[in-house]
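Residue-level structure breakdown
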Amino acid sequence: MTDADFMRRAIQLADERMRAGEGGPFGAVVARGGKIVGEGWNRVVGTNDPTAHAEVVAIRDACARLGTFDLSGATIYTSCEPCPMCLGAILWARLDRMCYAADRIDAAKIGFDDEAFYSEVAKPLHGRNLPAERILADEARAVFAAWFAKPDRVEY
């Protein structure tokens, strides 16, 4: 399969699942070794889960199918440029490459405007609109120290 074939599948998922009333018009496919290893579509409305964006769902599916949290060697094909949350998930999953079709400007034109999120993430912590207060740092650091000392920890 080619990049275009994988992207057509992502777009097909977006269309089919949007028409089925499962969520917004977004689809994603994770491919590795020339095969689809994960598929996802926007499931926010259908599952009442604001994190169930197509890319996150596809990553979860690929990880479950492959039995790993590391998707190195894989590419994600997404029908639209990922939002900051999905981009973070893509980076955490260690995907090698990302291909997208529509961009954030196209999405904003139909009511999916993520510009406020992009702007918020770029601000320093205490300059953001979401109030943040640091509490119990020493207790949290103690757990971090235990993790660091744990001989059988799994690095990721």
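Rules behind the numbers
Residues numbered from 1 in each chain as written. Predicted model: local features only at pLDDT ≥ 70, side-chain atom pairs only at ≥ 80, totals over all residues. Heavy atoms only, no water. Helix = DSSP H or I, 4+ residues; strand = E, 2+ residues; numbered from the N terminus. Buried < 20%, exposed > 50% of the residue type's maximum accessible area, 1.4 Å probe, protein only. Contact = heavy atoms within 4.5 Å. Areas by Shrake-Rupley, 256 points an atom, 1.4 Å probe, with all protein chains shown as cover. Lys, Arg positive; Asp, Glu negative; His and termini not counted. Charge placed at Lys NZ, Arg CZ, Asp CG, Glu CD. Core = buried A, V, L, I, M, F, W, Y, C linked by side-chain atoms within 4.5 Å. Pairing = 2+ DSSP bridges. Axes fitted to C-alpha atoms, helices over the stretch in contact; angles between N-to-C directions.

**Things to note about the overall build of the protein chain**
Scanning the protein chain for helices and strands turns up seven helices and four strands. Its helices and strands in sequence order give the protein chain the pattern α-β-β-α-α-β-α-β-α-α-α, from N to C terminus. With the C-alpha coordinates of the protein chain rotated into their principal frame, the extents come out at 50 × 40 × 25 Å. Put simply, the protein chain has 156 residues, and 31% of those count as buried. A fraction of 49% describes how many contacts in the protein chain between residues 6 or more apart in sequence connect residues 24 or more apart. For the protein chain, the computed accessible surface area is about 9900 Å², with 59% contributed by carbon and sulfur atoms. For the protein chain, the distance from the average site of its 19 positive side-chain charges to the average site of its 23 negative ones is 3 Å.

**Concerning the nonpolar core**
Counting 21 residues, the largest nonpolar core has Val30, Ile59, Leu71, Ile76 and Leu95 as the members making the most contacts within it. Those elements that place two or more of their residues in this core are strand E1 (27-32), helix H3 (54-66), strand E3 (75-80) and helix H4 (84-92). It is H3 that provides the largest number of residues to this core, a total of six residues. Those residues in contact with Val30 that sit more than four places away from it in its chain are Lys35, Ile36, Val37, Gly38, Ala58, Ile59, Ala62, Leu71, Ala74, Thr75, Ile76 and Leu95. By size, the runner-up hydrophobic cluster in this structure holds nine residues, among which are Met7, Leu13, Ala31 and Cys99.

**Here's the deal with the sheet that holds E1**
Taken in spatial order, the four strands make up an open sheet running E2-E1-E3-E4, and their pairing is mixed. Only two strands of the sheet have a single partner each, and these edge strands are strand E2 (35-41) and strand E4 (97-102). Strand-to-strand twist of the sheet, defined as the mean angle between neighbouring strand axes without regard to direction, takes the value 15 degrees. Bridge count for E3 against E4 is five bridges, and the pairing is parallel. Bridge assignment links Cys80 to a residue of E4, and that residue is Ala102. Sitting on the sheet, H3 is in contact with E1, E2 and E3, with an inclination near 140 degrees to E2.

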